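Tertiary structure, described
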Amino acid sequence: MWTTAALLLTLPACAAAGAPPNVVVFYADDLGFGDPGFAGHPSNLTPNLDALRATGTRLSSWYSACPVCTGSRAALMTGRIYSRIGLPGVLGPTSQTGLPLRETTLADQFKKAGYATGMIGKWHLGQRAAYLPAARGFDASRRRAGLGETTPVWTDSCGVGLRTSPSSDARGRKRHRD
């Protein structure tokens, strides 16, 4: 059902009464509008997503600013069209650049509002240290290695390889688990 998914988690730094709400953004490649169970798909069972949907807010009007990875993620993270940022559609594993450092990210804005931030999944906004999630406003991350990279499948905020989970296939790719 999902080729890859990027997951942005932001959790309030303090859990006191009256604190800001938790914010979780799911950003998925190749996910059709009707693919999850909560959207009415007859055979894609997604009970955990369905439960989140039942207790949260579903924002269903979104158009990607670019049909490929880097551009669409750059637009989500900055609120700007990728071509105005100066990025190609896709940054490969040998790219020496990434999301320009002058750009303010969604994570930066959440941190200013007192949130702790994290990112799990596909990054594709630069593979060099200056462009990785830890340098772009995220307190924590679990990043999937990008297309053609030879690094471990999952890395932490510092780029240290993590062991793949039992739900991974022989090539280290995550099997779909809701």
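Residues numbered from 1 in each chain as written. Predicted model: local features only at pLDDT ≥ 70, side-chain atom pairs only at ≥ 80, totals over all residues. Heavy atoms only, no water.

Our focus in this paragraph is the packing of aromatic side chains. As enumerated under the stated definition, the model contains 2 aromatic pairs in all. Between Phe-110 and Tyr-115 the ring centres are 5.1 Å apart and the planes differ by 80°, which places this aromatic pair in the edge-to-face class. Judged by its relative accessible area of 9%, Tyr-115 is buried. (Phe/Tyr/Trp six-rings, centres within 6.5 Å; stacked < 30°, edge-to-face > 60°. Buried < 20%, exposed > 50% of the residue type's maximum accessible area, 1.4 Å probe, protein only.)

Let us look at the nonpolar core. In globular proteins that are soluble, nonpolar side chains generally tend to be buried together. Residues Ala-74, Met-77, Ile-85, Leu-87, Leu-91, Leu-99, Ala-107, Met-119, Trp-123, Leu-125, Leu-132 and Phe-138 constitute the largest nonpolar core, which totals 12 residues. Non-local contacts of Ile-85, meaning those with residues more than four positions away in its chain, are made with Ala-74, Thr-78, Arg-80, Leu-99, Pro-100, Arg-102 and Glu-103. (Core = buried A, V, L, I, M, F, W, Y, C linked by side-chain atoms within 4.5 Å. Contact = heavy atoms within 4.5 Å.)

Taken together, the side chains of Val-24, Phe-26 and Leu-52 present a nonpolar region at the surface, about 260 Å² in accessible area. Relative to the helices and strands, Leu-52 is located in helix H1 (residues 47–55). (Patch = residues over 30% accessible without salt bridge, like charges linked within 9 Å, V, L, I, M, F, W, Y side chains within 5 Å. Areas by Shrake-Rupley, 256 points an atom, 1.4 Å probe, with all protein chains shown as cover. Salt bridge = Lys/Arg side-chain N within 4 Å of Asp/Glu carboxyl O. Helix = DSSP H or I, 4+ residues; strand = E, 2+ residues; numbered from the N terminus.)

Moving on, we come to the confidence of the model for the protein. Per-residue pLDDT for the protein has a mean of 75; in total, 71% of the residues score no lower than 70. Confidence drops under a pLDDT of 50 for residues 1–15, and excluding neighbours within four residues, the segment shows 66 contacts in the predicted structure. This model gives residues 163–178 a pLDDT under 50, and the stretch forms 22 contacts once residues within four places in sequence are excluded. (pLDDT = per-residue confidence, 0-100.)

Looking now at the pattern of salt bridges. Within this structure, the stated rule accounts for 3 salt bridges. A salt bridge links Glu-103 to Arg-80; the nearest nitrogen and oxygen atoms lie 2.5 Å apart. One end of the pair, Glu-103, is in the loop between helix H3 (82–85) and helix H4 (106–112); the other, Arg-80, is in the loop between helix H2 (69–78) and H3, with 23 residues separating them in the sequence. What makes Glu-103 buried here is its relative accessible area of 7%. The closest approach of N and O atoms between Asp-139 and Lys-111, which form a salt bridge, is 2.4 Å. One end of the pair, Asp-139, is in the loop between strand S3 (115–122) and strand S4 (140–144); the other, Lys-111, is in helix H4, with 28 residues separating them in the sequence. Taking relative accessible area as the criterion, Asp-139 reaches 43% and is therefore assigned partly exposed. For Lys-111, a relative accessible area of 36% translates into the label partly exposed. Beyond isolated ion pairs, a larger network of salt bridges with shared partners links Arg-80, Arg-102 and Glu-103.

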